[in-house]
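Observations on the model geometry
The primary structure of each chain is shown beneath.
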Amino acid sequence: MQYTPAPLFDGGALARAAWGAVTIPQPSVETNPRITTGDGVSGATVVGLDTWVWATGETPSQVRVTASAGSLSATVVASASGLRVSAPDSVPDCHGFGVPWTQGAAEGSSRCTVEFTRSSAHLGGTTPLTVSVGYDVAWSATDGTSGTLDPITTTSTTDLPVAEIQTINRDTSH
């Protein structure tokens, strides 16, 4: 009679060990417009316009890790559906990870924007733009087991100057 010892790991334990070794980076974004104001503040956006927001290459939409112990392997996949954007004095409208702004892009063609309703002067010169990405985490193993792990959210904050453009409309016929 031959005795086969029970494996030291099951699929779930191996998946949890693999996931414990992963660090998902904080989201990194770019914005547009990025103007230089009359008083020299660079990288500012403007009240009342759609500010495009998009994830840079450092912000993954999916993270995959596989661990093996003997003949057992477990793969963990963390998937996100997009950015969540928030800031004081703003109206965010973000679905997905956004697209980079390009010269000539039509207003309203970005799926991730934030419109600021007030300048950042009352906040000390910049408005904190908070961006988070929530990941759902699932795993499967070669022993036929699978499951989910606790979701994870990564967050970053960028200080964004928000400027107002003052205009005067005059009737030139007078």
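See the structure printed just above.
Notes on the structure follow.

The next subject is the overall build of the protein chain. Summing up its helical and strand segments, the protein chain has 1 helix and 11 strands in all. For 174 residues, the compact-globule formula gives about 16 Å, and the C-alpha radius of gyration of the protein chain, at 24 Å, lies well above that figure. Projected onto its principal axes, the C-alpha coordinates of the protein chain cover approximately 110 × 30 × 20 Å. When burial is assessed residue by residue, the protein chain has 38% of its 174 residues classed as buried. Put simply, 70% of the contacts in the protein chain that link residues at least 6 apart link residues at least 24 apart. Distance between charge centres in the protein chain, computed from 7 positive and 15 negative side chains, equals 2 Å.

Topologically, S90 is positioned in strand β7 (residues 90-94). Take S90: its relative accessible area is 18%, and that puts it in the buried class. From its side chain, S90 meets the backbone oxygen of A87 in a polar contact 2.6 Å long. Contacts of S90, omitting those with residues within four sequence positions, involve V114, E115, F116 and T117.

Mapped onto the elements of the fold, T75 is located in strand β5 (residues 72-79). Not counting the four nearest positions on each side in its chain, T75 is found in contact with R64, V65, T66, A138, W139 and S140.

Here we come to the sheet that holds β7. Ordered in space as β1-β3-β8-β7, the 4 strands form an open sheet in which the pairing is antiparallel. If you trace the sheet from one side to the other, it starts and ends with β1 (29-32) and β7, each paired once. Sheet twist, expressed as the mean angle between neighbouring strand axes with direction ignored, is 25°. Looking at chain direction, strand β3 (residues 50-55) and strand β8 (residues 112-116) are connected through 3 bridges and run antiparallel. If you follow T51 over to β8, its bridge partner there is V114.

Bringing the pairing of β3 into the picture now. Here β3 lies mainly inside the structure; 5 of its 6 residues are buried. In the sheet, β1 pairs with β3 via 4 bridges, with the strands oriented antiparallel. Each residue of the ladder has a partner; that of E30, found in β3, is W54.

Thresholds applied
- Residues numbered from 1 in each chain as written.
- Predicted model: local features only at pLDDT ≥ 70, side-chain atom pairs only at ≥ 80, totals over all residues.
- Heavy atoms only, no water.
- Helix = DSSP H or I, 4+ residues; strand = E, 2+ residues; numbered from the N terminus.
- Rg over C-alpha atoms; globule rule 2.2 N^0.38 Å.
- Buried < 20%, exposed > 50% of the residue type's maximum accessible area, 1.4 Å probe, protein only.
- Contact = heavy atoms within 4.5 Å.
- Lys, Arg positive; Asp, Glu negative; His and termini not counted.
- Charge placed at Lys NZ, Arg CZ, Asp CG, Glu CD.
- Polar contact = N/O pair within 3.5 Å; in protein donor to acceptor, adjacent residues only side chain to side chain.
- Pairing = 2+ DSSP bridges.
- Axes fitted to C-alpha atoms, helices over the stretch in contact; angles between N-to-C directions.

Function-wise, these values are silent; they only describe arrangement.
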